[in-house]
Amino acid sequence: MNTFTIIFLIALTLSFMTQYWLSKRQIKHVLDHRQQVPDAFKEKVSLEAHQKAADYTVAKARVSDFDSILGVIFLLILTLGGGIGMAFNFWSTLDFSPVVTGLGAITTIFLVMHVLELPTSIYQTFVIEEKFGFNRNTPKQFIKDQFTQLLLMMIIGLPILALIIWIMDSVGPLWWLWAWAILISFSLLMSWLFPTVIAPLFNKFTPLEEGSLKQRIHGLLERCGFKSKGIFIMDGSKRSGHGNAYFTGIGNNKRIVFFDTLVESLDDEELEAVLAHELGHFKCKHVLKMLGATTVMTLISFAVLGWLIGEQWFYTGLGVTEPSSAAALMLFMLVSPVFTFFTQPISAFFQRKFEFEADDFAANNAKASMLISGLVKLYKENANTLTPDPLYSAFHYSHPPAAIRIAHLENNPVNG
Ligand SMILES: [Zn+2]
């Protein structure tokens, strides 16, 4: 066993144990607070809704615990168990070019992993979501989605993967700079194409009808000086009862999307406040900052891979006997999350900071009271717990816990 194997095993054990321990804390904290609605929400949330949120949170946490145990087992089988090595050895015997061999092996491994994860995903949708009344998906729709995703992966994913493997082998020691530049340009192109080309493959987008809501939203967009390619209602209810709103696209191809389920449950003023929050993310340059951070992280990742690719211990330490660019890429994609796990609280911290800034923006450009009542409805209808464990939420939550977020809005100086 080489030193790298031991480092990998220690990191894997630490990240798994931390995750498991946090999840146990979350379950205990939610159950301990199950009997009573927190004071701040007493008038708005019934005990029944509060207990449903607790049970839903606990059920989801248990599935995700099971999922992470499976994840560790698969990872060990693929690496130290020799799974990746086997896939590459098999494809090498077929005598294709290095690009096709790499492409074949990586695709095989991804397909196997996807198939192994299917039962959990089916259980989540058709058992957990169903039990709590959120599931609107049908087996037919589920299968159709699987095939659409597979087709997209083949049409879009395979060519870019082939290009990157080719660059790794062909452009010399600075290949990682080229690969980085190409991957970033490609993902910008995808973000630009997403709203008009990819998202419509999965959902129907209907322009918002003329009326009081549209007028209200146009007023808000004008006040904030925001240009977009339109406001759309998405048929989210086709798959799930959960409601949401989001911005999509970049540059001149930006769209505002409301789930039909959200429009059904919030009134016009609340929708305006929720949209003002989303606009805040643009106006406070959060989108640009996140993009910048991803660009830098990707560059660091490629630079590290550029170093690892020439180190024999990297391959043998993870169960691969025949080094190749594609094998290094595959190992890196599988193993790096084990090491980056501990940076998660840092990115979660910045995301929560952005949420507060977007809430302030919403309070200044719409009504804080309307954002609060909209948020409470969303927490209630999505059965999000109001009482998460503080450590668990610090590690995992991209949004501040309900009580803290609402207290922040209530303390806003322009609270109206
Ligand atoms: Zn937000």
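In every chain, residue numbers begin from 1 and rise along the written sequence. Local features are withheld for residues below a pLDDT of 70 in this predicted model, meaning they are given only at 70 or higher, and side-chain atom pairs are given and counted only at 80 or more; totals for whole chains, interfaces and linings count all residues. In computing side-chain properties, one takes all heavy atoms of the structure into account and sets aside hydrogens as well as water.

## Some words on the coordination of the zinc ion
Metal donors were taken as nitrogen, oxygen and sulfur atoms no farther than 2.8 Å from the ion, or 3.2 Å where the ion is Na, K or Ca. Water is excluded, so coordination may look unfinished. Surrounding the zinc ion are the protein donor atoms His277 (NE2), His281 (NE2), Glu355 (OE) and Glu355 (OE), at 2.1 to 2.7 Å. Think of it this way: with four donors and all angles in the 85 to 135 degree range, the site is tetrahedral; with four or six donors, opposite ones beyond 155 degrees and the rest between 65 and 115, it is square planar or octahedral; otherwise it is irregular. Coordination at the zinc ion comes from four donor atoms whose angles at the metal span 52 to 136 degrees, giving a geometry best classed as irregular. Mapped onto the sequence, the residues coordinating the zinc ion show the spacing H-x3-H-x73-E. Remark: His281 and His277 occur in helix H9 (residues 268–283); sequence separation between them is four residues, near one turn of the helix. The same class applies to His277 and to His281, which are both buried. Secondary structure elements follow DSSP: runs of H or I of four or more residues count as helices, runs of E of two or more count as strands, with numbering from the N terminus. Relative accessibility thresholds used throughout: buried, under 20% of the residue-type maximum; exposed, over 50%; partly exposed, between the two (1.4 Å probe, protein chains only).

## What about a nonpolar patch on the surface?
Residues Phe110, Leu111, Ile143, Phe147, Leu150, Met153 and Met333 make up a contiguous nonpolar surface patch of roughly 590 Å² in combined accessible area. Within the residue set of the nonpolar patch, elements represented by two or more residues are helix H4 (98–131) and helix H5 (139–170). With four residues, the single largest contributor to the nonpolar patch is H5. Its location among the elements puts Phe147 in helix H5. Candidate patch residues must exceed 30% relative accessible area and have no salt bridge, after which like charges are joined if within 9 Å and Val, Leu, Ile, Met, Phe, Trp or Tyr side chains if within 5 Å. A 1.4 Å probe and the Shrake-Rupley method give the accessible areas. Residues count as covered only by the protein chains that appear here. Should a side-chain nitrogen of Lys or Arg be within 4 Å of a carboxyl oxygen of Asp or Glu, the pair is scored as a salt bridge.

## Let's talk about unusual backbone geometry
Phi angles above zero are rare outside glycine, and Asp95 is one such case at about 60 degrees. Positive phi values are uncommon outside glycine, yet Lys285 reaches one of about 60 degrees. The residue Lys285 is located in the loop between H9 and helix H10 (286–308) in this model.

## A short note on the pattern of salt bridges
Following the criterion strictly, the structure yields 13 salt bridges and no others. Here Arg25 and Asp389 are joined by a salt bridge, their closest N and O atoms 2.9 Å apart. Here Asp389 lies in the loop between helix H14 (368–381) and helix H15 (390–396) and Arg25 lies in helix H1 (residues 3–32), a separation of 364 residues in the sequence. Relative accessible area serves as the criterion here: at 30%, Arg25 is assigned to the partly exposed category. Each of Arg216, Arg223 and Glu272 takes part in one network of salt bridges that share partners.

As far as function goes, none of this settles anything; it's purely spatial.
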